Amino acid sequence: MFSMRLKYYYDLSRYNFGFSVIIGFLIGLNAGVITFGTFGMLVGFLSYKYFQNNQYYFYYNLGLSKMALISVTWIINLTISAIFLLLIR
Amino acid sequence: MDKLIINTVVKAFGSNHVLSDIEFECQIGKIIGLFGRNGSGKSTLLKILFGTLKADAIDVKINSKSFDPTKNISNRVIAYLAQDSFLPKDLKVRSVISIFYQDGEQQNRIFYDPRIAKIENQIVSTLSYGELRYLEILLISRLSHSFLLLDEPFSMIEPLYQDAIKDLLVSIKKDKGIILTDHYYFDVLQITDKNILIKDGKTIEVENKQDLAENGYISISKAI
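From a predicted model like this one, the values you see are computed outputs, not experimental measurements. (Residues numbered from 1 in each chain as written. Chains lettered and ligands numbered in written order. Predicted model: local features only at pLDDT ≥ 70, side-chain atom pairs only at ≥ 80, totals over all residues. Heavy atoms only, no water.)

Peer 1: Give me the interface of chain B and chain A: which residues, what numbers.
Peer 2: Residue-level contacts link 24 residues of chain B with 15 residues of chain A. Of the roughly 1,700 Å² buried where chain B meets chain A, counting both sides, 60% is carbon and sulfur surface. When residues of chain B are sorted by the area they lose upon contact with chain A, B:Ile73, B:Phe86 and B:Ile99 head the list and together hold 31% of the total. Linking chain B with chain A are one salt bridge, by the criterion used here. The residue B:Asp90 makes a salt bridge to A:Lys7 at a minimum N-O spacing of 2.9 Å. (Contact = heavy atoms within 4.5 Å. Buried area = accessible area lost by both parts, 1.4 Å probe. Salt bridge = Lys/Arg side-chain N within 4 Å of Asp/Glu carboxyl O.)

Below is the structure:
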């Protein structure tokens, strides 16, 4: 289960990470970090849907719903974001 | 033997009533062929049964118990081969197998397949379509799910792999109920125990090419 979730986490978060880095350069480090835990998730979700939508069936057949995948990914990124914000303050 | 009993499935997209009177059964040990012209609702029906699309009205049972497809993914009753490939393209075949099956014994059952042994170190994106489709079907066929839904398992695949997939499906049907749909009707008819045609939103039982021709799915000349 862990490796499956990790694969989804990696695939979705790389879009999020790329977008957040751009925001970080354009607006500032804090904005980039906040984006990674919030709006960047939406960008990641939409990018995954656009480029890899059919791969959801990989997870569905293994018993993982879209909601389960997204919620865990979001919780992890929100946590990383919060920790980073605390560290850079 | 588990039996999937589809009593009613109704689905419309706006004013287009795709499925209106769907009724058939599939039990473990049987392969059911599902035919229908493009847009007749075959894939829609499979997605509804798998739980990724909601029906407007539905009455499905497994044996005598009501079955709610929207809970199918978490309950793992029905597995589904989508029309397009679902495997992550950037991984090696070996990695895909080890993600799909955590248990070493289950992994070995896949690795020991001679067709898989020769591609296990390849990246998924480099596989031929036949190799890819065979791998996908093999992966979902070894899951614990009682039923398999296969959307176009033979389309665009070289004959050798079509035969391999047919052999695989026949070999697993003792443990699974299989519903498959494909326009390659000749291949489908070779392995099915029962065949259903969806026409005007309704199911019609058919037996052979002549029935398919009489119901307007193939031309009369192809039925001879």
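After that view of the structure, there is still more to cover.
Peer 1: Describe the sheet that holds strand E8 (residues 147-151) of chain B, with residues and values.
Peer 2: Hydrogen bonds along the backbone pair up the strands of a sheet, which may run parallel or antiparallel. Residues and elements named next belong to chain B. Strand order in the open sheet formed by six strands is E7-E8-E9-E4-E10-E11, with mixed pairing between adjacent strands. Where the open sheet ends on each side, the last strands, each with one partner, are strand E7 (78-81) and strand E11 (202-206). If you compare each strand with its neighbour and ignore which way they point, the axes differ by 20° on average. Here four bridges tie strand E4 (residues 31-35) to strand E10 (residues 194-199), and the two strands are oriented parallel to one another. (Pairing = 2+ DSSP bridges. Helix = DSSP H or I, 4+ residues; strand = E, 2+ residues; numbered from the N terminus. Axes fitted to C-alpha atoms, helices over the stretch in contact; angles between N-to-C directions.)

Peer 1: Can you break down the pairing of E8(B) residue by residue, with the values?
Peer 2: Residues and elements named next belong to chain B. In terms of burial, E8 is a largely internal element, five of the five residues being buried. A two-sided burial pattern is seen for E8, the buried positions comprising Phe147, Leu149 and Asp151 on one face and Leu148 and Leu150 on the other. As defined by bridge partners, E7 adjoins E8 across four bridges and the pair is classed as parallel. Within E8, the position partnered with isoleucine 78 by the bridge is phenylalanine 147. (Buried < 20%, exposed > 50% of the residue type's maximum accessible area, 1.4 Å probe, protein only.)

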